[in-house]
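Examination of the molecular architecture
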Amino acid sequence: MLRALLPWLLAVGLASGGLIVGWGADRYVLTALVLHAEPFLLVLAVWAALAAVWAGNRRVARALAVGSVAAVASVRLPYDVAPSGGVPPDWIGPVSRCAAALAPPAEPVRLLQWTLEGHEPIEVVQAAVAAAAPGVVVLQGVSDPALVMAVLEEVGGESRFYPPDGGGIGLAIVVAGGFHPCGDAIEWTEAMDTPYGFTLSFVGVPSSTVFPLLVTRLPGPLDGGAWSERMTTASSRVLDALGALHGASTVVVADAPAPRTYRNLDERMAGVGVSTVAVPPTWPARLGGVPLITLHPFDRMWVGPSWTRAVSTRAEAGVGFRAPVLTILGGPEVEPGTPGE
């Protein structure tokens with residue numbers, strides 16, 4: 001009797017494990033690591049089921065299949081959206097009023113985001129940008145100002161470059177329609193001298209379509225010790241600003257080693273009014289010159305409710321451990337399939 005029940009105890013165990021991992025998600029480093037390893041664990045489960053079939057034990061094979069499907073579903077159960085209870089930064093008042101006064105998006109926006117390793121040839125990056133024809137380019141991991149100038153020549157408009165000094169990782173933002181002021185300021189930053197700060201600005205693509213753009217970076221579970229605390233600090237810094245910004249057309253772009261099964265992160269983002277964009281997997285794209293199978297979307301995006309359409313695809317590039325992502329954003333009256341010139 002017990003022997004007949006063992007396969008189904010295995011299925012229940014797998015499903016229960018999925019519930020535990022889904023509950024812990026990105027709150028704890030162990031469950032976060034399991035979420036990162038999910039593709040490998042699924043391959044292992046498939047091989048184990050095939051081995052059970054080969055050995056003539058179809059009960060075990062069925063239990064593995066049922067348990068694995070239940071575990072995958074448990075990790076992705078719907079979450080409740082909770083309002084943010086953080087403390088907003090001191091400068092957010094006038095910035096929030098500027099965001100509230102913005103008109104809804106009038107034309108589509110093409111946004112290219114790419115996390116670089118820092119040694120990609122300038123001409124290759126420039127060619128990838130030219131092929132994507134973006135109106136906004138966000139490059140993480142930039143160390144060479146010449147690369148920023150090359151991208152600026154391709155896109156036009158204005159650029160901002162935050163070199164990797166004092167602990168930062170290097171960030172470049174190029175906007176075809178330029179940066180727009182709010183009062184006397186044109187940008188607002190928090191902790192940009194660390195690897196996990198953010199910058200906020202009003203960008204125009206074209207100049208008739210202006211929206212708040214927040215760019216940040218979040219830590220991965222293998223980036224060092226005390227990951228849960230560092231993740232909470234970095235994400236809360238962003239969430240506190242977003243919660244008080246109330247910008248319906250806000251766009252958040254992040255270098256974030258965070259699978260979409262990071263339920264806590266997406267729940268908190270939804271609580272401040274921005275929803276996740278279905279960005280395709282970007283990691284790992286290549287090792288040297290060898291293409292790899294991408295497993296996770298480590299370049300994330302969230303948008304406010306004014307953006308009713310968002311289509312993300314991998315952009316063409318022959319270099320990089322991360323693939324670039326082109327996202328076309330559109331409002332209610334905007335067709336997202338055409339460039340915003």
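Structure: see above.
Notes on the structure in this doc start here. (Residues numbered from 1 in each chain as written. Predicted model: local features only at pLDDT ≥ 70, side-chain atom pairs only at ≥ 80, totals over all residues. Heavy atoms only, no water.)

**Concerning the nonpolar core**
With 37 residues, the main nonpolar core has Trp 91, Leu 200, Leu 242, Tyr 262, Leu 265 and Met 269 as its most contacted residues. Every element with two or more residues in this core is listed here: α2 (29-54), α4 (92-100), β7 (198-204), β8 (210-217), α7 (227-245), β9 (251-255) and α8 (263-271). Non-local contacts of Met 269, meaning those with residues more than four positions away in its chain, are made with Val 238, Leu 239, Leu 242, Val 252, Val 274 and Trp 302. Within the second largest apolar cluster, 23 residues are counted, among which are Phe 211, Val 251, Val 325 and Leu 329. (Core = buried A, V, L, I, M, F, W, Y, C linked by side-chain atoms within 4.5 Å. Buried < 20%, exposed > 50% of the residue type's maximum accessible area, 1.4 Å probe, protein only. Helix = DSSP H or I, 4+ residues; strand = E, 2+ residues; numbered from the N terminus. Contact = heavy atoms within 4.5 Å.)

**A closer look at a nonpolar patch on the surface**
On the surface, Val 29, Leu 30, Leu 33 and Leu 222 cluster together to form a nonpolar patch covering roughly 390 Å² of accessible area. You can see Leu 33 is positioned in helix α2. (Patch = residues over 30% accessible without salt bridge, like charges linked within 9 Å, V, L, I, M, F, W, Y side chains within 5 Å. Areas by Shrake-Rupley, 256 points an atom, 1.4 Å probe, with all protein chains shown as cover. Salt bridge = Lys/Arg side-chain N within 4 Å of Asp/Glu carboxyl O.)

**Quick notes on the pairing of β8**
Of all eight residues that make up β8, eight are buried, and the element is covered over most of its length. Neither face of β8 is exposed, since Val 210, Pro 212, Leu 214 and Thr 216 on one face and Phe 211, Leu 213, Val 215 and Arg 217 on the opposite face are all buried. Where β7 and β8 come together, seven bridges link them in antiparallel fashion. Each residue of the ladder has a partner; that of Leu 200, found in β8, is Leu 214. Alignment of β8 against β9, held across five bridges, turns out to be parallel. Across the sheet, Arg 217 pairs through a bridge with Asp 255, a residue of β9. Between the parallel pair β8 and β9, the chain is carried across by α7, and the sense of this crossover is right-handed. (Pairing = 2+ DSSP bridges. Right-handed = clockwise from strand over helix to strand, strands pointing away.)

**Description of the environment of Val 137**
Relative to the elements of secondary structure, Val 137 occurs in strand β2 (residues 136-140). By relative accessible area, which is 1% here, Val 137 ends up buried. Spatially, the C-alpha atom of Val 137 lies 4.8 Å from that of Leu 112, the residues being 25 residues apart in sequence. Apart from residues lying up to four places away in sequence, Val 137 is in contact with Leu 112, Val 129, Val 151, Val 155, Ala 172, Ile 173 and Val 174.

**What about unusual backbone geometry?**
With an omega of -10°, the peptide bond between Trp 283 and Pro 284 qualifies as cis. Mapping Pro 284 onto the fold places it in the loop between β10 (275-276) and β11 (286-287). For Ala 25, which is not a glycine, the phi torsion comes out positive at approximately 45°. Here Ala 25 shows up in the loop between α1 (2-24) and α2. Judged by its relative accessible area of 0%, Ala 25 falls in the buried class. Phi angles above zero are rare outside glycine, and Ala 226 is one such case at about 55°.

**Some points on the side chain of Thr 115**
Secondary-structure assignment places Thr 115 in strand β1 (residues 109-115). Here the side chain of Thr 115 touches Asp 299 through a polar contact of 2.6 Å, side chain to side chain. Polar side-chain contacts of Thr 115 include one of 3.2 Å to the side chain of Arg 322. Residues contacting Thr 115, with those up to four places away along its chain left out, are Gln 140, Asp 255, Asp 299 and Arg 322. (Polar contact = N/O pair within 3.5 Å; in protein donor to acceptor, adjacent residues only side chain to side chain.)

**So, the sheet that holds strand β4 (residues 171-175)**
In spatial order, the strands read β3-β4-β2-β1-β15-β14; together these six strands make up an open sheet with mixed pairing. This sheet does not close on itself; its edge strands, each paired only once, are β3 (158-162) and β14 (309-314). Neighbour to neighbour, the strand axes of the sheet diverge by 15° on average, direction disregarded. The pairing of β1 with strand β15 (residues 325-330) spans five bridges and is classified as antiparallel. Its bridge partner lying in β15, Val 109 is registered against Leu 329. Against the sheet, helix α5 (residues 122-132) makes contact with β1, β2 and β15, and its axis sits at roughly 155° relative to β1, the strand it touches most. (Axes fitted to C-alpha atoms, helices over the stretch in contact; angles between N-to-C directions.)

**Overview of the pattern of salt bridges**
Pairs can form between side chains of opposite charge whenever their charged atoms are close. For the structure shown, the criterion picks out five salt bridges. Across the salt bridge formed by Arg 76 and Glu 38, the nearest N and O atoms sit 2.8 Å from each other. With Arg 76 in the loop between α3 (58-75) and α4 and Glu 38 in helix α2, the pair connects residues that are 38 residues apart, well separated along the chain. The class of Arg 76 is partly exposed, set by a relative accessible area of 45%. Residue classification places Glu 38 among the buried positions, given a relative accessible area of 13%. Sharing partners across several salt bridges, the network here consists of Arg 217, Asp 255, Asp 299 and Arg 322.

**A word on the packing of α5 against helix α6 (residues 145-155)**
As a packed pair, α5 and α6 sit with axes 9 Å apart at the nearest point and diverge in direction by 25°. In terms of their interaxial angle, α5 and α6 are classed as roughly parallel. Crossing angle aside, the handedness with which α5 passes α6 is right-handed. Here α5 contributes Ile 122, Val 125, Gln 126, Val 129 and Ala 130 to the contact with α6, which in turn contributes Ala 146, Leu 147, Ala 150, Val 151, Glu 153, Glu 154 and Val 155. Class assignment for the residues of the contact of α5 with α6 results in nine nonpolar, one polar and two charged. (Parallel < 35°, antiparallel > 145°, perpendicular 65-115°, else oblique. Left-handed = near helix turned anticlockwise from the far one by under 90°. Nonpolar A, V, L, I, M, F, W, Y, C, P; charged D, E, K, R; others polar.)

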